[in-house]
Amino acid sequence: MTVSAKMKLLFVSTPVGPLGSGMGGGVELSLYNIAQEMIRRGHQLQIVAPAGSSWNDLPLVQIPGNLQIIAQSQERTAPITMPENSLLANMWDYTRQVQGDYDLIVNFAYDWLPFYLTPFFGCAIAHLVSMGSLSNALDQIIKQLVKQFPGTIGFHTQTQAATFALEQECPYLSNGIDLSLYDFCSEPKQQLAWVGRIAPEKGLEDAVAASQSTNIPLKVMGKIQDELYWQKICQDYPNAPLEYLGFLSTNQMQQVMGECRALLMTPHWVEAFGNVTIESLACGVPVISYRRGGPAEIVQDGKTGFLVEPDSVPGLIDAIARLDEINRYTCRQQAETEFSLQALGDRFENWFHKILDLRCDFGNS
Ligand code: HBI
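The structure presented is a predicted model; accordingly, all values stated were derived computationally and were not measured.

Reading the values: rules and limits
Residues numbered from 1 in each chain as written. Predicted model: local features only at pLDDT ≥ 70, side-chain atom pairs only at ≥ 80, totals over all residues. Heavy atoms only, no water. Helix = DSSP H or I, 4+ residues; strand = E, 2+ residues; numbered from the N terminus. Rg over C-alpha atoms; globule rule 2.2 N^0.38 Å. Contact = heavy atoms within 4.5 Å. Areas by Shrake-Rupley, 256 points an atom, 1.4 Å probe, with all protein chains shown as cover. UniProt positions renumbered as here; feature names shortened; annotations may be inferred. Salt bridge = Lys/Arg side-chain N within 4 Å of Asp/Glu carboxyl O. Buried < 20%, exposed > 50% of the residue type's maximum accessible area, 1.4 Å probe, protein only. Domains from an automatic or database assignment. Buried area = accessible area lost by both parts, 1.4 Å probe. Polar contact = N/O pair within 3.5 Å; in protein donor to acceptor, adjacent residues only side chain to side chain. Nonpolar A, V, L, I, M, F, W, Y, C, P; charged D, E, K, R; others polar. Near = heavy atom within 4 Å. Pairing = 2+ DSSP bridges. Axes fitted to C-alpha atoms, helices over the stretch in contact; angles between N-to-C directions.

**Structural notes on the overall build of the protein chain**
Link 1 in the chain: Counting secondary structure elements, the protein chain contains 13 helices and 12 strands.
Link 2 in the chain: Relative to a compact globule of 365 residues, whose C-alpha radius of gyration would be 21 Å, the protein chain shows 21 Å and is just as compact.
Link 3 in the chain: Each principal axis of the C-alpha atoms in the protein chain carries an extent, and together these give about 65 × 40 × 40 Å.
Link 4 in the chain: Taking the contacts inside the protein chain whose residues are at least 6 apart along the sequence as the reference set, 68% of them involve residues at least 24 apart.
Link 5 in the chain: Counting only carbon and sulfur atoms, one obtains 51% of the accessible surface of the protein chain, whose full area is about 15,300 Å².

What follows is the structure, encoded as C-alpha cells:
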C-alpha cells in the first residue's frame, strides 16, 4: 500500500483531565496545535478524549471513566495503578474497536497501558512522550517498544530522551505554538517574568532571589500547585519586588510577558521542552535559563537569551546584566523559524509518513 498524502489519524488524549481543563498541562496544548495543523493540511482526524472535554472546534469522541493519577506525584518505583472504571482503559478499548478505520493511532498519554497494548493492535501506533523519565515501569516498557517498533516513540528534545537511557536514536519533534496569539514588544519595562506551575521542581525561589538582589520587579504568573512552597518563598524573600498575577489566559500572559526585559527559567528538574520558552521568544523576550532540559536546546546562548550554570543565582544575575546585548527581534525571528504551527506540522507530518512508509517496507498491511 503506498501511503496516500492524506492520512486517517486517531489521536488518543492524556487521561489526567478533560481537554480544555488545563489539567493536561503542556501536552494538551501540543495535542490541540498538532490536531489543528493536521486538519488544516487535509488529513482526517478524530480525537479520543475524556468526557467533559470542551474543544468544540475539534472532532472529539468523549469517553467516561475515572481519571489516571498524575505520574509526577508517584514514586519512581510505584507499581502501575488503574482505578475501577478506568478512563484510560475505556479510551483504549474504544480505540481497539475503531482501529480499522484509521491509518495511524497517536498516543499522547504518559501512561503504561497504551505502550503495553501496542503489539496487540493491528493499526500502527505513534507515541509522543511528553515528560522526562519518572517511573521505572514506564521506562522499561518504553525501552522495550523502542526496540520492537523503532521510530514510533517520539520525544520533544534530546535531553528529555536522554533521561530514558535508550540505546537507539529516536525522533525529536520539538514543539510549536500559534504565533498569531503572541505580540512582539520592542520596548520593555524595567521588569522580569517568571511563568509556570508554582511547585518545587520549577525553582521559583531562585528567580525571586535574583529579583531581590537586582531589585528588578519580578512578575510571577501560573497556578499555585504547592501552597506551602509558595508561602515559604514569600517568607524567605520579604523584600523581593515580587508581584503574583495568578494563572492568566494566553492573551493576558503574553501581554505581561512581552513588556518584560527577560523571562527567567529556573527548572530544578529536566523540562521535557518548556512551552513558556517559545512563548517568550514569540513576544521578543530573551530567555535566561539554567542549562538544563528543553530550554537548553531552544535558547541560542548570547543571541536569544543566556544559558546559565544550573542552580546558580549569581549566574542568573550576571545574565540579567548582559540583557542589552540581545536584539529582541532576533528572539521573535527564532520563534517564527523553528516554532510556528507550520514548522510543528511539518515535523509531525514527516514523522507520521515515515512510520507508515516504514510499515509498508516491512510489508505490514
Ligand atoms: N500523568 N499519568 C499521567 N498521564 C499523563 O498523560 C500525564 C501525567 N502527568 C502530566 C501530564 N500528562 C502532562 O501534563 C504533561 O505531559 C505535560
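Resuming the write-up.
**Section: the UniProt feature "domain: Glycosyl transferase family" (unreviewed entry) in the protein chain**
Link 1 in the chain: The positions that UniProt labels "domain: Glycosyl transferase family" (unreviewed entry) are, in the present scheme, residues 189-323.
Link 2 in the chain: In residues 189-323, the share of helix is 39% and the share of strand is 19%. The end C-alpha atoms are 13 Å apart.

**A few points about the pattern of salt bridges**
Link 1 in the chain: Taken as a whole and assessed by the stated rule, the structure comprises 17 salt bridges.
Link 2 in the chain: Glu271 serves as the salt-bridge partner of Lys202, at 2.6 Å between the closest nitrogen and oxygen. Remark: Glu271 occurs in the loop between strand 10 (262-265) and helix 9 (275-282) and Lys202 occurs in the loop between strand 7 (192-195) and helix 6 (204-214); sequence separation between them is 69 residues. By the burial criterion, Lys202 is buried, and Glu271 matches it.
Link 3 in the chain: Note that Arg332 and Glu336 form a salt bridge whose closest N and O atoms lie 2.8 Å from each other. In this pair, Arg332 and Glu336 are both assigned in helix 12 (residues 328-338), four residues apart and thus about one turn of the helix distant.
Link 4 in the chain: Given a relative accessible area of 11%, Arg332 falls into the buried group.
Link 5 in the chain: Among the charged side chains, a salt-bridge network with shared partners connects Glu37, Arg40, Arg41, Asp346 and Glu349.

**Quick look at the domain arrangement of the protein chain**
Link 1 in the chain: In terms of domains, the protein chain is made up of domain 1 (8-176 + 340-364) and domain 2 (179-338).
Link 2 in the chain: The straight-line distance from the C-alpha centre of domain 1 to that of domain 2 is 29 Å.
Link 3 in the chain: The partner domain 2 presents 14 residues to the 18 residues of domain 1 that form the contact.
Link 4 in the chain: Around 1,300 Å² of area is buried between domain 1 and domain 2 when both sides are counted, 58% of it from carbon and sulfur atoms.
Link 5 in the chain: On inspection of domain 1 and its partner domain 2, the count reaches zero salt bridges.
Link 6 in the chain: On the surface where domain 1 and domain 2 come into contact, there are six residue pairs in polar contact (both at pLDDT 80 or more).
Link 7 in the chain: Looking at the side of domain 1 that touches domain 2, the elements with two or more residues in it are helix 1 (25-40), helix 5 (158-162) and helix 13 (341-361).
Link 8 in the chain: With three residues, the single largest contributor to the side of domain 1 that touches domain 2 is helix 5.
Link 9 in the chain: For the side of domain 1 that touches domain 2, a count of residues per class yields four nonpolar, 13 polar and one charged.

**Remarks on the site of the ligand**
Link 1 in the chain: As a structural note, the neighbourhood of the ligand is formed by 17 residues, with Thr14, Gly24, Ala71, Asp111 and Ser130 the closest of them.
Link 2 in the chain: At 2.7 Å from a nitrogen atom of the ligand is found a side-chain nitrogen or oxygen belonging to Asp111.
Link 3 in the chain: Within the side chain of Ser130, an N or O atom sits 2.5 Å from an oxygen atom of the ligand.
Link 4 in the chain: Relative to its free-state accessible area of 390 Å², the ligand is covered by the protein chains to the extent of 92%.
Link 5 in the chain: Looking at the shell around the ligand residue by residue, the class counts come to nine nonpolar, seven polar and one charged.

**Structural notes on the sheet that holds strand 4 (residues 104-107)**
Link 1 in the chain: Overall, parallel pairing links the six strands, which are arranged 3-2-1-4-5-6 in an open sheet. If you trace the sheet from one side to the other, it starts and ends with strand 3 (60-63) and strand 6 (153-154), each paired once.
Link 2 in the chain: Of the strand pairs in this sheet, strand 5 (residues 124-128) and strand 6 are connected by two bridges, and their pairing is parallel. Note on strand 6: the bridge partner recorded for Leu128 is Gly154.
Link 3 in the chain: In the packing of helix 2 (residues 87-98) onto the sheet, the strands contacted are strand 1 (8-12), strand 2 (44-50), strand 3, strand 4 and strand 5, and the crossing angle to strand 2 comes to about 155°.

**Describing the environment of Ile142**
Link 1 in the chain: Among the structural elements, Ile142 can be located in helix 4 (residues 136-148).
Link 2 in the chain: Taking relative accessible area as the criterion, Ile142 reaches 0% and is therefore assigned buried.
Link 3 in the chain: If we ignore the near neighbours within four places in the chain, the residues touching Ile142 are Phe115, Val129, Ile153, Phe155, Phe164 and Leu166.

**A few points about the sheet that holds strand 10**
Link 1 in the chain: With parallel pairing, six strands are arranged side by side in an open sheet as 9-8-7-10-11-12. Here the strands that pair on one side only, and so sit at the sheet edges, are strand 9 (242-246) and strand 12 (305-308). Neighbour to neighbour, the strand axes of the sheet diverge by 20° on average, direction disregarded.
Link 2 in the chain: Taken together, the four bridges between strand 7 and strand 8 (residues 218-221) define a ladder with parallel strand orientation. Paired with Val195 across the two strands is Met221, which belongs to strand 8.
Link 3 in the chain: Along the sheet face, helix 6 touches strand 7, strand 8, strand 9, strand 10 and strand 11 (287-290) and points at about 160° away from the line of strand 8.

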